[in-house]
Amino acid sequence: MSTASSTSPNPGSARSGGPPSGEAPQPTVPAASPSRWAPLRPLVLRLHFYAGVLVAPFLLVAAVTGLLYAFSFQAEKLVYAHELTVPVGESRLPISEQVAAARKAHPEGTVSAIRPSPAADATTRVLLSGVAGVNPDHTLAVFVDPYTGKVRGALEQYGSTGALPLRTWIDELHRDLHLGDTGRLYSEFAASWLWVIAGGGLVLWFARRRALRTVRGTSGRRRTLGLHGTVGVWAAAGFVFLSATGLTWSTYAGANIDELRTSLGQATPAVSAAAGGGEHAGHGTAAGTGGDAEHGVGLDKVLAAARAEGLGDPVEIVPPADADSAYVVRQVQRSWPEKQDSVAVDPSTGEVTDVLRFADYPVLAKLTRWGIDLHTGILFGLVNQLALALLALALILLILWGYRMWWQRGRGSSFGRPIPRGAWAEVPPYLLVPAMAVIAVLGYFVPLLGIPLAVFLAVDIVLGEIAHRRGGRTYGGRAGVK
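What counts as what
- Residues numbered from 1 in each chain as written.
- Predicted model: local features only at pLDDT ≥ 70, side-chain atom pairs only at ≥ 80, totals over all residues.
- Heavy atoms only, no water.
- Helix = DSSP H or I, 4+ residues; strand = E, 2+ residues; numbered from the N terminus.
- Contact = heavy atoms within 4.5 Å.
- Areas by Shrake-Rupley, 256 points an atom, 1.4 Å probe, with all protein chains shown as cover.
- Buried < 20%, exposed > 50% of the residue type's maximum accessible area, 1.4 Å probe, protein only.
- Pairing = 2+ DSSP bridges.
- Core = buried A, V, L, I, M, F, W, Y, C linked by side-chain atoms within 4.5 Å.
- Salt bridge = Lys/Arg side-chain N within 4 Å of Asp/Glu carboxyl O.
- Phe/Tyr/Trp six-rings, centres within 6.5 Å; stacked < 30°, edge-to-face > 60°.

From N to C terminus, the protein includes 13 helices and 10 strands. When contacts within the protein are restricted to residue pairs at least 6 apart in sequence, those whose partners lie at least 24 apart make up 66%. Accessible area for the protein stands at about 23,100 Å²; split by element, carbon and sulfur atoms hold 64% of it.

Quick look at the pairing of strand 1 (residues 110-115) now. The element strand 1 is largely enclosed, with a buried count of 5 among its 6 residues. As judged from the 5 bridges shared by strand 1 and strand 2 (residues 124-129), these two strands associate in the antiparallel manner. The partner of isoleucine 114 across the bridge, within strand 2, is valine 126.

Before going further, it helps to spend a moment on the environment of leucine 264. By secondary structure assignment, the location of leucine 264 is in the loop between helix 8 (252-263) and helix 9 (299-308). For leucine 264, a relative accessible area of 53% corresponds to the exposed category. With 98 residues separating them in the primary sequence, leucine 264 and proline 362 have C-alpha atoms 9.9 Å apart.

So, on to helix 4 (residues 95-105). Owing to its 3.6 residues per turn, the α-helix brings residues three or four apart onto one side. All of the buried residues along helix 4 are Ile95, Gln98, Val99, Ala101, Ala102 and Arg103. Those residues of helix 4 that are buried are in contact with strand 1, strand 2, strand 3 (139-144), strand 4 (151-157) and helix 9.

So, on to the nonpolar core. Of all hydrophobic cores here, the largest spans 34 residues; its most connected members are Val55, Leu59, Trp193, Ile197, Phe239 and Leu395. Those elements giving two or more residues to this core turn out to be helix 2 (40-79), helix 6 (180-207), helix 7 (220-247), helix 11 (381-409) and helix 13 (447-469). Ala102, Leu128, Leu303 and Val343 belong to the second-largest nonpolar core, a separate cluster that totals 25 residues.

On to the pairing of strand 8 (residues 352-356). As judged from the 4 bridges shared by strand 7 (residues 342-345) and strand 8, these two strands associate in the antiparallel manner. Directly across from valine 345, in strand 8, lies its bridge partner valine 352.

Once that is clear, we can look at the pattern of salt bridges. Taken as a whole and assessed by the stated rule, the structure comprises 10 salt bridges. Across the pair glutamate 76 and arginine 167 runs a salt bridge, and its minimum N-O distance is 3.2 Å. Of the two residues, glutamate 76 is situated in helix 2 and arginine 167 in helix 5 (residues 165-176); the sequence distance between them amounts to 91 residues. For aspartate 373, the salt bridge identified is with arginine 369, shortest N-O distance 2.9 Å. Of the two residues, aspartate 373 and arginine 369 both sit in helix 10 (residues 363-375), 4 residues apart, roughly one turn of that helix.

Turning our eyes to something else, we now look at the packing of aromatic side chains. Under the counting rule described, the total for this entry stands at 11 aromatic pairs. Judged by centre distance (5.0 Å) and plane angle (85°), the ring pair of phenylalanine 49 and tyrosine 50 falls under edge-to-face. On the basis of relative accessibility, which here comes to 2%, the residue phenylalanine 49 falls in the buried class. The class for tyrosine 50 is buried, based on a relative accessible area of 19%. Aromatic pair phenylalanine 358 and tryptophan 370: ring centres 6.0 Å apart, planes at 75°, arrangement edge-to-face. Of the two residues, phenylalanine 358 is situated in the loop between strand 8 and helix 10 and tryptophan 370 in helix 10; the sequence distance between them amounts to 12 residues. Each residue in the set Phe49, Tyr50, Tyr403, Trp406 and Phe456 is aromatic and connected to the rest through ring pairs, giving one cluster.

This brings us to unusual backbone geometry. A cis amide bond links aspartate 313 to the next residue, proline 314, at an omega of -5°. Cis rather than trans, the peptide bond between tryptophan 336 and proline 337 has omega equal to -5°. With respect to the helices, strands and loops of the structure, proline 337 is situated in the loop between strand 6 (327-331) and strand 7. The backbone of leucine 177 shows a phi angle near 60°, a positive value even though the residue is not glycine. In this structure, leucine 177 sits in the loop between helix 5 and helix 6. Overall, the relative accessible area of 30% leaves leucine 177 in the partly exposed class.

These values are about where atoms sit, not about what they do.
Here it is, written out as structure tokens:
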């Protein structure tokens, strides 16, 4: 529920004693006895309305680009079918020969990783870093037929999921609008507020009496309100999930979350890449931007050692970064069940010097991994991607319905009247003080929620004071004395 209020009062009915033009008569409902939470409702209503109106443009961009991203996985398979797939042969070449074939065709740069063919009809990817014309944060993926050694093409690749140009372009559009670090603020701002708007809408929806939630038999603004609320209730849990997981790798909130996880001993571990071993506790950072792939015992023995430790496909082999480093072989499957085990292999002996199992990850590290993969549509494959597409479509509809309600509130001639200010003054201290404390803590950890909220409150107070001095200030819908 991402835009205008889901429980705004019915405009126009007071003018004529009946429902506005174009709307069905409203059902008669008995007056509900006020609860101890009733004073919070006008405040939640005002926050939901204004947050929706102001944040909705950012959410709309995130929803449209997210919808595109949900379909990008399947589009990638179609667009790059020649590079990704091969006819199934009888026997595969050793991985060292496949890499040699890739290097013969593309001697530029250095080998940063190798992803052996994970399926009978899949190509092997040899990833090159430091290639001229390739984004320094990306690699050049050379696709090799594992049966013949023939190079089937080379494409720029990004990220641990192996995104190719089409998906990378859509991913960056969704993440930062192709504006770099500055553009990432838009997506963090949207993620910071999505859960607030969805949660506020839920509170407002369930606070309404059942007779006022119906969609059937209604028309005009009441029908739009019913559609907005009903779809929002069904999608709210998904919106909260997308908001929370999106914040885990955002610029500011993500850094705070990482710091908190580290302080709790819940950071994501990494296998020790030091040649000759290392203690399992306190793993170092896995290395991997060295020279060409062949070091010491070579790739074939390194891969065999990893297989002996139970690392099944798909895997990625990272060459030693320097003379004191080991090979790192890690599983890269992000679909369920996750395969994230990794080992370090001494290049001089071919022995495994360190092992890290995904089962041994801290709880928060596992939850973070699952959350990100579910957010990006990888964890459950096509089903996951369809669910994300439905959530994106729901958010788009909610935003359009929200703006339509705002327009209908103004009787079709202009955008509607704002929700009266002063609702906070009606909240008793025993509710207001704890609420403000919670908001302050959340604002500290999620600055793109806290800072805009503080600015909004400051502006609202100033505008309210100006209106008061002019004799037109309202509190909870009551006009001030002129």
